[in-house]
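Reading the structure
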Amino acid sequence: MWLGESAALGRVSTICLRISKHSLNIWPHISTVRKALYEKLMMIIFMNSSDSEEEACNERTSLISADSPPAASYQDGLQAPEAAETQTYRKRRTGGSCSPSDADGGNSDSGIPVREIAVDDKEEELTLKYGAKHVIMLFVPVTLCMVVVVATIKSVRFYTEKNGQLIYTPFSEDTPSVGQRLLNSVLNTIIMISVIIVMTVFLVVLYKYRCYKFIHGWLILSSLMLLFLFTYIYLGEVLKTYNVAMDYLTLFFVIWNFGAVGMICIHWKGPLHLQQAYLIMISALMALVFIKYLPEWSAWVILGAISIYDLIAVLCPRGPLRMLVETAQERNEPIFPALIYSSAMVWTVGMAKQDAASRSLTQQTWDSAEDVREIHDNSAYVESEISEARSPAPTHPTTSLLEDLEEEERGVKLGLGDFIFYSVLVGKAAATASGDWNTTLACFVAILIGLCLTLLLLAVFKKALPALPISITFGLVFYFSTDNLVRPFMDTLASHQLYI
Amino acid sequence: MTLAVFFGCSFIAFGPALGLCLFSVVREPLRVIILVAGKAIEGLVALSEDGCSPISIQQMAYVAGLGFGLMSGAFSMINLLADALGPGTVGIHGDSQLYFLTSAFMTMVMIFLHTFWGILFFHGCETQRWWEMVAVIFTHLIVSGLTFWNPLYLGSLIPSYLLMFATAAWAYVLSGGCTQNLLRSLQGQQSETSPQPGS
């Protein structure tokens, strides 16, 4: 069962950057328009309106989300009126183009293509500005997950001891010849990938035929196992390593609370940061299990094979993950929160039509369940973020400007499988590399660079992309080259205290 | 070796650089990306549609240099720091007992040098002054060559620091600073004209 969960986790490894949902819905309609046309149209249509954007365009204004104008006004009070003007103008356009897609997913209006194109030009302009912020929003959790895994690997010896293998990798690597070992690792990989494919296809089939209860049950059982059993083992090993005694009563209390709150946060509602923290924890736990139970060469071959599989599954038209994402988009549902890390919250258009003034600026960030959509005061989130970073600014009643905003998911989503496999790579580098920290650091930076590039591609292509291939490729390349080429060199340099 | 050695050396080596990071890089996401990914992303960042780049070329140079410096420092220092946490005696076989300390200082000067070299190199590329780039490469070779003196720390550390101050002054002047602004900022006043380097 738990591998089912891991397979599910591993396989929903897609990034969905939804800068604005409508752009994804209407993207297929204008997929044939070329970039040059965008630029021309943009110049024609927006030449008069984008005055405010030609003002002091420093990083502060550029990286703020254009959809929450009061945020821009915090940066530079002078820009507030123009920014608001531009925002409402932009919103009228986006609102206009959004209504058909929101209502029934189809649009027959002739005026819409032009507005769609214009909106997408603006969206494209915003993507590069959005891009940096979202990249950072993902750097932090990925880094945290890797730090947890590396810290555990380096301190708790349990996770580097060989204590048998999973049934999914039945071939042992304790063979005398290199060829036999290689063959065994390739066979292990084939079996593992087949299991993952089967699980993913099963999940997609269930999702397509709306067997939500089954999927929920499966996910709940898997996260139960992760949150309770694996946490218990982890805590036990950590206590053993540091030789700390804990009685069963305290242990039960701690594990029960941790697990129960985790279940609630992941599957129902909870503060966003707590949910993110739990998702990071379960990814780290899963990665630790993989690091422990996958034999060495098999782990590297599996990492390579999984990134190829990810590429195929997300980009091919009949790929299971692509079908999953598209079905979720068609039905306008978020993909299960238990499988995806989301850096921000979801909010709806229905609620936005209500009296905006009644929604006070709250700092609450409740995450939505799958079937219940809730209001989130996104501007408050952005505000709190920004006002922490810069000097305190007076708060505006921002809700009035949010009325026309369509359904939008701000922030980036990254599948938990990506977290897991990134952490497996870095953890394996930490566990097995004889060059110790240099290799780990190199793999860590390689993965972050890959993530950067992937998010950049995401901002350009605006559809779900596989997050594994680039990062894992860089990670593997850096691991092997650092371990075999850089490490001996750095060791010699360090022994003579030479600096290059 | 003790935790004191570990923390002391890591703060000596990385303290100033992380301070620079904290005050000038961390708050701007774009700079963080350039710090991590370096030149790979800078070209794409410059492709902002509305005609103005969200980050100036000088900031990019500074952040790229800082990133290179941090990586080089990390690669030099991190294994030493890990060993500093374990058991052992420094210099038990007759080597210098100041090994960790001098490594930390050397790392710090290398990080600073990389930052300034970044600024100089970018400036040289921007203004087509090849001799600036040659000077950067040449000073890099000199500093690396100086480390051959290394058990003789006077011969390697002091010239490196002098070179670092010279490079710092040069980078400061190239970024538009002048002595007036420096004095003013040291006295706590605002400078009216040119920005401070790296801001």
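Description of the structure in this document. Predicted model, so just to flag it, every value in this text is computed and none were measured. (Residues numbered from 1 in each chain as written. Chains lettered and ligands numbered in written order. Predicted model: local features only at pLDDT ≥ 70, side-chain atom pairs only at ≥ 80, totals over all residues. Heavy atoms only, no water.)

**A short note on unusual backbone geometry**
Positive phi, normally seen in glycine, also occurs at Lys462(A), with a value near 60 degrees. Phi at Gln128(B) takes a positive value of approximately 60 degrees, unusual for a residue other than glycine. In this fold, Gln128(B) is placed in the loop between helix 5 (99–126) and helix 6 (130–146). (Helix = DSSP H or I, 4+ residues; strand = E, 2+ residues; numbered from the N terminus.)

**Section: a nonpolar patch on the surface**
Residue and element names in this part refer to chain A. Residues Ile197, Val201, Val205 and Tyr209 make up a contiguous nonpolar surface patch of about 360 Å² in total accessible area. Here Val205 shows up in helix 9 (residues 178–208). In this structure Val205 comes out as partly exposed when scored by relative accessible area, which is 38%. (Patch = residues over 30% accessible without salt bridge, like charges linked within 9 Å, V, L, I, M, F, W, Y side chains within 5 Å. Areas by Shrake-Rupley, 256 points an atom, 1.4 Å probe, with all protein chains shown as cover. Salt bridge = Lys/Arg side-chain N within 4 Å of Asp/Glu carboxyl O. Buried < 20%, exposed > 50% of the residue type's maximum accessible area, 1.4 Å probe, protein only.)

**A short note on helix 12 (residues 272–293) of chain A**
Counted at 1.5 Å a residue, the expected span for helix 12 of chain A with its 22 residues is 32 Å, and the 32 Å between its end C-alpha atoms agrees. Burial analysis of helix 12 of chain A places 17 of its 22 residues in the buried class, the great majority of the element. (Expected span 1.5 Å × (residues − 1).)

**Some words on the environment of Pro337(A)**
All names here are of chain A. One can find Pro337 in the loop between helix 14 (320–330) and strand 2 (340–342). The exposure class of Pro337 is buried, given its relative accessible area of 13%. With 62 residues separating them in the primary sequence, Pro337 and Gln275 have C-alpha atoms 9.3 Å apart.

**As for the packing of helix 16 (residues 416–432) of chain A against helix 18 (residues 468–496) of chain A**
Residue and element names in this part refer to chain A. Between helix 16 and helix 18, the shortest axis-to-axis distance is 10 Å and the interhelical angle comes to 5 degrees. Relative to helix 18, helix 16 is oriented roughly parallel. Residues Asp418, Phe421, Tyr422, Leu425, Ala429 and Thr432 of helix 16 lie in contact with helix 18, whose contacting residues are Leu468, Ser471, Ile472, Gly475, Leu476 and Tyr479. For the contact of helix 16 with helix 18, the class distribution of residues is eight nonpolar, three polar and one charged. (Axes fitted to C-alpha atoms, helices over the stretch in contact; angles between N-to-C directions. Parallel < 35°, antiparallel > 145°, perpendicular 65-115°, else oblique. Contact = heavy atoms within 4.5 Å. Nonpolar A, V, L, I, M, F, W, Y, C, P; charged D, E, K, R; others polar.)

**Looking at the pattern of salt bridges**
Residues and elements named next belong to chain A. Tallied over the full model, the rule gives seven salt bridges over all chains. Notably, a salt bridge pairs Glu173 with Arg181, separated by 3.2 Å at the nearest N-O pair. One salt bridge in this structure joins Asp491 and Arg487, with 3.9 Å as the shortest N-O distance. In this pair, Asp491 and Arg487 are both assigned in helix 18, four residues apart and thus about one turn of the helix distant. Judged by its relative accessible area of 39%, Asp491 is partly exposed. A single network of salt bridges, built from pairs that share partners, joins Asp483, Arg487 and Asp491.

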